Amino acid sequence: EAPFLVSSKGRYIWSEFPFDVEVKNGTIAITNAADDLMLKDGYGTLKNAYIAAAKAHFPGSGDTPPKNFFTKPQYNTWVELIYNQTQEGVLRYAHGIIDNGLPPGILMIDDGWNRYYGNLTFNPTKFPDPKGMCKELQQMGFEVMLWVCPFISPDSEEFRDLRDRGLLIKNSDGTVAVREWWNGFSGILDLTNPEAAQWFDEQLHFLMDEYGVVGFKFDAGDICYYQDDDDIYEKMSAHDACAVWAKLGFKYPYNELRATYKCGGMPLIQRLCDKAHKWNSVEILVPDVLTAGILGSAFLCPDMIGGGSFVDFLPNAPTLDCELFVRYAQTAALMPTMQYSAAPWRVLDKDSAAYCIAAGKLHDRFADYIYELAQQAAVTCEPIARYMEYVFPEQGLGDVNDQFMLGDKILVAPVTKKGATVRTVRLPKGSWKFCDGTLYTGGCTVDVPAPIDVLPWFELMPEEK
């Protein structure tokens with residue numbers, strides 16, 4: 001999220017503070033804006049306006065997240081194990097990845113590995129030998145990340161200690177805040193307090209030093225869990241408190257965040273909001289990734305393949321749709337990063353599982369190019385997945401948001417409709433080679449074959465001299 005609008009007409013709007021936007025009858029209305037709201041015009045194109053805005057307000061840091069994020073699929077244990085994260089289950093999942101032909105990569109152990117929120121130690125009942133587990137994963141080629149959040153379980157030793165030291169957020173009346181989130185009620189670390197941030201950092205560094213963990217999935221931290229009138233160490237808005245949580249992740253090269261505010265240009269792996277196992281989720285993947293990219297978050301993860309709603313992947317779940325799962329994997333395959341969670345070999349039939357694994361191998365095929373784009377984005381803050389209009393201005397492509405450019409030369413047109421085996425694609429001017437080798441002359445709309453085992457993509461061919 002960012003207080004930023006940018007137009008294909010070569011102008012942008014920026015504020016340091018949030019504002020409300022309403023689009024009605026072809027008019028954009030902005031309300032509740034701060035006095036610093038600015039309109040900059042005269043840049044000519046979407047790309048030029050965006051680059052000018054990024055340079056002025058959220059320049060690239062120059063740092064790229066670790067290469068493994070981009071060159072290999074990621075894996076997350078959430079859907080397979082849900083809240084019953086165990087040493088046995090994590091290792092079973094990791095071996096399944098290798099046994100089914102996917103390459104090892106970053107492996108995120110999700111919520112449930114620790115005893116309770118705020119106690120950042122492995123649950124000894126579920127993880128009898130966490131050091132041995134991490135060593136085995138590392139020997140298999142995985143890099144291990146752990147799920148963490150800013151919440152502290154009430155009536156715990158950590159809660160009482162942090163409360164007494166004044167390191168938890170207080171309500172406006174001075175009482176310690178205990179707020180509801182998706183896992184119940186918890187206190188919240190006041191990370192505007194350097195002492196609280198230091199306490200949290202010490203817990204994380206212990207995990208890294210003791211077990212060889214490389215980084216963390218920083219979950220939650222949403223604006224809705226903070227209040228503008230909170231009694232905190234450094235007075236700030238709920239939006240800025242969310243940004244403090246996100247910027248904590250900046251200190252750890254291996255990071256993943258979902259909730260951020262004004263963090264454009266930072267080397268943060270930005271995961272899209274959790275998707276349900278529905279066709280609408282597949283349809284909005286491309287628009288969501290494009291929107292996040294044009295807000296300054298280049299290093300995107302399009303959520304877990306098939307969606308992160310675990311109930312849809314339970315044994316004999318009546319809602320599981322193999323075709324949807326395959327098309328989700330294909331849609332994610334040529335995005336900046338892709339992340340498996342539900343194991344295709346467990347939840348799908350043999351052919352569908354093979355197609356999903358093939359999507360991971362396609363990502364691997366483009367690994368060097370994707371990482372090259374990531375390195376460029378670290379400097380320029382340009383999106384990796386780009387609007388058609390961004391790369392090909394003034395060709396009537398401003399309304400295209402169901403296909404995208406990977407950099408400037410690969411056009412990707414995922415299938416997002418159930419039962420579709422043909423894909424209509426709007427080709428910009430130029431010569432384009434389809435993934436099956438067929439050459440097309442651009443500047444027109446074409447229909448290409450898209451059976452269930454095909455992700456339609458094109459390469460822009462060099463102009464003949």
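Here, every reference points to the structure presented above.
A brief report on the enclosed structure follows. (Residues numbered from 1 in each chain as written. Predicted model: local features only at pLDDT ≥ 70, side-chain atom pairs only at ≥ 80, totals over all residues. Heavy atoms only, no water.)

## Quick notes on the sheet that holds strand β5 (residues 38-40)
Strands belonging to one sheet form pairs held by backbone hydrogen bonds; the direction of such a pair is parallel or antiparallel.
Then, number 1: Read from one edge of the open sheet, 3 strands run β1-β2-β5, paired in antiparallel fashion. What marks the edges here is a single partner per strand, and that holds for β1 (4-6) and β5. Along the sheet, successive strands turn relative to each other by an average axial angle of 15 degrees, direction set aside.
Then, number 2: Relative to β5, strand β2 (residues 12-14) runs antiparallel, the two being bridged by 3 bridges. (Pairing = 2+ DSSP bridges. Helix = DSSP H or I, 4+ residues; strand = E, 2+ residues; numbered from the N terminus. Axes fitted to C-alpha atoms, helices over the stretch in contact; angles between N-to-C directions.)

## Digging into the sheet that holds strand β21 (residues 410-412)
Then, number 1: Strands sit in the order β19-β20-β21-β26-β23-β24 across an open sheet of 6 strands; the sheet is antiparallel. Strands at the two margins of the open sheet, each flanked by one partner only, are β19 (385-386) and β24 (439-441).
Then, number 2: Pairing geometry for strand β23 (residues 431-434) and strand β26 (residues 457-460), over 3 bridges, is antiparallel. Residue Lys433 lies in a different strand from β26, and its bridge partner there is Glu459.

## Observations concerning the side chain of Gln74
Then, number 1: Within the fold, Gln74 resides in strand β6 (residues 74-76).
Then, number 2: The class for Gln74 is buried, based on a relative accessible area of 0%.
Then, number 3: Among the polar contacts listed, one links the side chain of Gln74 to the side chain of Thr337, at a separation of 3.4 Å.
Then, number 4: Here the side chain of Gln74 touches Gln339 through a polar contact of 3.0 Å, side chain to side chain.
Then, number 5: Non-local contacts of Gln74, meaning those with residues more than four positions away in its chain, are made with Phe69, Ile106, Met108, Glu256, Cys301, Thr337, Met338, Gln339 and Tyr340. (Buried < 20%, exposed > 50% of the residue type's maximum accessible area, 1.4 Å probe, protein only. Polar contact = N/O pair within 3.5 Å; in protein donor to acceptor, adjacent residues only side chain to side chain. Contact = heavy atoms within 4.5 Å.)

## Quick notes on a nonpolar patch on the surface
Then, number 1: Judged by side-chain polarity, Val21, Val23 and Ile28 come together as a nonpolar surface patch covering roughly 290 Å² of accessible area.
Then, number 2: Turning to its location among the elements, Ile28 is positioned in strand β4 (residues 27-31).
Then, number 3: Residue Ile28 is classed as exposed on the basis of its relative accessible area of 55%. (Patch = residues over 30% accessible without salt bridge, like charges linked within 9 Å, V, L, I, M, F, W, Y side chains within 5 Å. Areas by Shrake-Rupley, 256 points an atom, 1.4 Å probe, with all protein chains shown as cover. Salt bridge = Lys/Arg side-chain N within 4 Å of Asp/Glu carboxyl O.)

## Digging into the layout of surface pockets
Then, number 1: In this structure, the largest pocket occupies an estimated 680 Å³ of space.
Then, number 2: Residue lining of the largest pocket: 24 residues in total, with Leu5, Val6, Ser7, Ser8 and Ile28 positioned closest to the centre.
Then, number 3: Elements represented by at least two residues in the lining of the largest pocket include exactly β1, β2, β3 (20-24) and α9 (279-294).
Then, number 4: Residue composition of the lining of the largest pocket, grouped by class: 15 nonpolar, 5 polar and 4 charged.
Then, number 5: The volume enclosed by the second largest pocket comes to roughly 410 Å³.
Then, number 6: Lining of the second largest pocket is provided by 21 residues; of these, Glu1, Arg258, Ala259, Thr260 and Gln270 occupy positions nearest its centre.
Then, number 7: Residue assignment for the lining of the second largest pocket shows that the elements contributing at least two residues are β16 (270-271) and α9.
Then, number 8: Top element by residues in the lining of the second largest pocket is α9. It accounts for 3 residues.
Then, number 9: Split into classes, the residues belonging to the lining of the second largest pocket amount to 9 nonpolar, 5 polar and 7 charged. (1 Å grid on protein atoms, 1.4 Å probe; cavity = no way out; pocket = protein on both sides within 12 Å on 5 of 7 lines; lining within 4 Å. Points joined across faces, edges and corners; volume = space filled by probe spheres on them. Nonpolar A, V, L, I, M, F, W, Y, C, P; charged D, E, K, R; others polar.)

## Comments concerning the packing of aromatic side chains
Then, number 1: Scanning the entire structure with this criterion turns up 38 aromatic pairs.
Then, number 2: A ring pair is formed by Phe366 and Trp457, whose centres lie 5.1 Å apart and whose planes are at 90 degrees; its orientation type is edge-to-face. One end of the pair, Phe366, is in the loop between α12 (350-365) and α13 (367-380); the other, Trp457, is in strand β26, and 91 residues separate them in sequence.
Then, number 3: Phe366 sits in the buried class, given a relative accessible area of 10%.
Then, number 4: Taken together, the ring pairs connect Phe4, Tyr12, Trp14, Tyr43, Tyr50, Phe58 and Tyr390 into an aromatic cluster.
Then, number 5: A cation over a ring is seen here: Lys409 above Tyr369, with NZ or CZ 4.8 Å from the ring centre. (Phe/Tyr/Trp six-rings, centres within 6.5 Å; stacked < 30°, edge-to-face > 60°. Lys NZ or Arg CZ within 6 Å of the ring centre and 35° of its normal.)

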